[in-house]
Amino acid sequence: MLSKEGCETLWGFRPPLTTGKPSKWAFGWAAGPNKKFGGRYSVAMNGGTIGVASTIIIIPKSGSAVIALCNLRKPPVYAIAREAAKIVFGAGDQSNTQEEEDQIQEHLLEGANAD
């Protein structure tokens, strides 16, 4: 089990990029307020290899997570996880901008295509 400080470091510490701009990623996890979950701070990661894919979405303050596992390596598993998380955590009344959604997808698919 991680201490509160360990969780904050793992999911909150984001050193600036080499360009000096702030990073949106915390130790490889997409982390930050997510309008799709009512602005709640979320931490997400996905990945896959030949024949499998997975996604984990955590809302740390709720003490809950949604995890999607699939024995097919297909992008729909990521959409399934997001939809399940909306059901569990509430959709909120705002959506991410298209740019924010593209950045999230780009990061998540980078992890999925790392094999």
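Residues numbered from 1 in each chain as written. Predicted model: local features only at pLDDT ≥ 70, side-chain atom pairs only at ≥ 80, totals over all residues. Heavy atoms only, no water.

Engineer: Before we go on, may I ask you to explain the overall build of the protein chain in this structure?
Structural biologist: Secondary structure summary: the protein chain contains three helices and five strands in total. The N-to-C order of helical and strand elements in the protein chain reads α-β-β-β-β-β-α-α. Looking at the 115 residues of the protein chain, the share that counts as buried comes to 30%. (Helix = DSSP H or I, 4+ residues; strand = E, 2+ residues; numbered from the N terminus. Buried < 20%, exposed > 50% of the residue type's maximum accessible area, 1.4 Å probe, protein only.)

Engineer: Could you clarify how one ought to interpret the pattern of salt bridges in this entry?
Structural biologist: Side-chain pairs of opposite charge can arise where the charged atoms are in close proximity. Scanning all chains against the criterion turns up one salt bridge. The salt bridge involving Glu-83 is made with Lys-86; its shortest N-O contact spans 3.0 Å. Linking Glu-83 with Lys-86, this pair stays in helix 2 (residues 76-89), spanning three residues, or about one helical turn. Judged by relative accessible area, Glu-83 falls into the partly exposed class, the value being 44%. (Salt bridge = Lys/Arg side-chain N within 4 Å of Asp/Glu carboxyl O.)

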